[in-house]
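Structural overview
One-letter residues, chain by chain:
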Amino acid sequence: MELVWDSGSMVEKVLLAKHKAIFNSDAADPGESQLDAEDSRSDDKGAEVETIAVGVIDGKTLIFVGLERTSTVMVYDASDPTAPVFHSSMHLSTEEVVPAALADGMSTAQAAAVGVIDPESMYVDTENKKLIIAGSVSGTVAVYSIHMPSPPSQPAVEENHDVVAQEPEATRVTLTQLGLVMIPAEYETVATMDSPKYKYDVGAGEQMTLDKPAKIAYVVGETGIMHVVDMADPADMQIVKAVQLPQGATDVEMCGNFVAVA
């Protein structure tokens with residue numbers, strides 16, 4: 001095995017250039033703003049790259065990089081693996097201040113307002129040009145449309161990894177949110193999904209995998225419940241089943257007709 005490329009300080013330089021207000025910040029608690037935590041993580045993991053997803057779309061190898069604490073995703077074109085090129089970035093949390101009401105539970109409207117906080121896992125559906133992201137802190141799963149550049153081009157990046165130009169959006173790979181679903185943290189009865197309760201920062205939707213032919217996602221987390229989500233319509237995703245696990249889960253993968261949970 002041989003290292004062919006290292007991003008060096010590129011991730012943090014992109015954060016500073018394009019998301020300065022939340023540079024190396026931490027996810028906010030209910031009633032607080034992420035803006036108040038700027039630069040609070042520079043001495044403790046910094047940007048904290050948490051998860052990546054890779055897919056080939058329109059002949060280009062794309063790397064999607066999820067930054068946990070800032071709830072940000074960066075997109076790179078790695079068609080030349082020795083010289084990946086930064087294309088765009090997106091802040092997934094849609095509100096600067098986390099609603100205080102989330103300290104005691106969340107409603108549908110509140111979860112939609114928060115967006116995705118703390119991306120823990122991502123999945124690229126190359127056939128349908130979609131990126132699926134699970135947010136552990138927010139307890140949400142969201143689907144994003146991947147927009148390819150037309151005509152294809154590469155934004156300018158110097159060899160020292162500094163972003164030197166903001167290219168027109170038409171020349172960059174970008175993301176647009178199509179829909180979001182909340183993942184309950186608990187039920188009165190899991191098997192019948194009675195009285196779902198939505199809680200903030202309990203890891204309800206931490207890891208997920210996708211059954212592409214069936215358009216079904218399997219979502220697990222620290223709460224010890226596996227949720228089966230119908231993703232046929234990204235704008236109206238539905239939880240169709242909840243399964244009680246023996247304990248909290250840290251990963252999930254498809255294995256033929258089986259779902260393996262760790």
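The rules behind the values
- Residues numbered from 1 in each chain as written.
- Predicted model: local features only at pLDDT ≥ 70, side-chain atom pairs only at ≥ 80, totals over all residues.
- Heavy atoms only, no water.
- Helix = DSSP H or I, 4+ residues; strand = E, 2+ residues; numbered from the N terminus.
- Buried < 20%, exposed > 50% of the residue type's maximum accessible area, 1.4 Å probe, protein only.
- Contact = heavy atoms within 4.5 Å.
- Areas by Shrake-Rupley, 256 points an atom, 1.4 Å probe, with all protein chains shown as cover.
- Patch = residues over 30% accessible without salt bridge, like charges linked within 9 Å, V, L, I, M, F, W, Y side chains within 5 Å.
- Salt bridge = Lys/Arg side-chain N within 4 Å of Asp/Glu carboxyl O.
- Arc of directions from axis to C-beta.
- Core = buried A, V, L, I, M, F, W, Y, C linked by side-chain atoms within 4.5 Å.
- Pairing = 2+ DSSP bridges.
- Axes fitted to C-alpha atoms, helices over the stretch in contact; angles between N-to-C directions.

The helix and strand tally for the protein chain stands at two helices and 14 strands. Across the 262 residues that make up the protein chain, the buried fraction comes to 47%. The long-range fraction of contacts in the protein chain, counting pairs at least 24 apart against all pairs at least 6 apart in sequence, stands at 51%. When the accessible surface of the protein chain is split by element, carbon and sulfur atoms take 49% of a total near 12,200 Å².

Mapped onto the secondary structure, Ala 142 falls in strand S7 (residues 140-147). Residues Ala 142 and Met 231, 89 residues apart in the sequence, show an inter-C-alpha distance of 10.0 Å. Here Ala 142 is in contact with Val 116, Leu 131, Ile 132, Ile 133, Gln 177, Gly 179 and Leu 180, once residues within four sequence places are set aside.

A few words on a nonpolar patch on the surface. A cluster of nonpolar side chains, namely Val 49, Ile 52 and Val 54, defines an oily patch on the protein surface of about 270 Å² accessible area. One can find Ile 52 in strand S1 (residues 49-57). Overall, the relative accessible area of 51% leaves Ile 52 in the exposed class.

As a further point, take helix H1 (residues 10-18). If you check which residues of H1 are buried, you get Met 10, Val 11, Val 14 and Leu 15. The buried residues of H1 occupy one face: seen down the axis, they fall within an arc of 140 degrees.

Our focus in this paragraph is the nonpolar core. If you look at the biggest cluster of nonpolar residues, it comprises 18 residues, and the most contacted ones within it are Phe 64, Val 73, Leu 131, Ile 133, Tyr 144, Ile 146 and Leu 175. With three residues, the single largest contributor to this core is S7. If we ignore the near neighbours within four places in the chain, the residues touching Leu 131 are Ala 53, Phe 64, Val 73, Met 122, Tyr 123, Val 124, Ala 142, Val 143, Tyr 144, Ile 146 and Leu 175. Ile 132, Val 141, Val 181 and Ile 183 belong to the second largest nonpolar core, which has 15 residues in total.

What follows concerns the pattern of salt bridges. In this structure the tally under the stated criterion is four salt bridges. Here Asp 58 ties to Lys 129 by a salt bridge, and the two come within 3.1 Å at their closest N and O atoms. Separated by 71 residues along the polypeptide, Asp 58 in the loop between S1 and strand S2 (60-67) and Lys 129 in the loop between strand S5 (119-125) and strand S6 (130-135) bring together distant segments of the chain. Note on Asp 58: relative accessible area 53%, which makes it exposed. Given the relative accessible area of 30%, Lys 129 is considered partly exposed. Lys 60 is the partner of Asp 77 in a salt bridge, and the nearest nitrogen-oxygen pair spans 3.4 Å. Of this pair, Asp 77 sits in strand S3 (residues 72-77) while Lys 60 sits in strand S2, placing them 17 residues apart in sequence. Each member of the pair, Asp 77 as well as Lys 60, is classed as buried.

One open sheet accounts for four strands, arranged S5-S6-S7-S8; its pairing is antiparallel. Because the sheet does not close on itself, it has two edges, and the strands there are S5 and strand S8 (174-182). On average, adjacent strands in this sheet sit at an angle of 20 degrees to one another, irrespective of strand direction. When S6 meets S7, the two strands line up antiparallel, connected through six bridges. Its bridge partner being in S7, Ile 133 is matched across the sheet by Ala 142.

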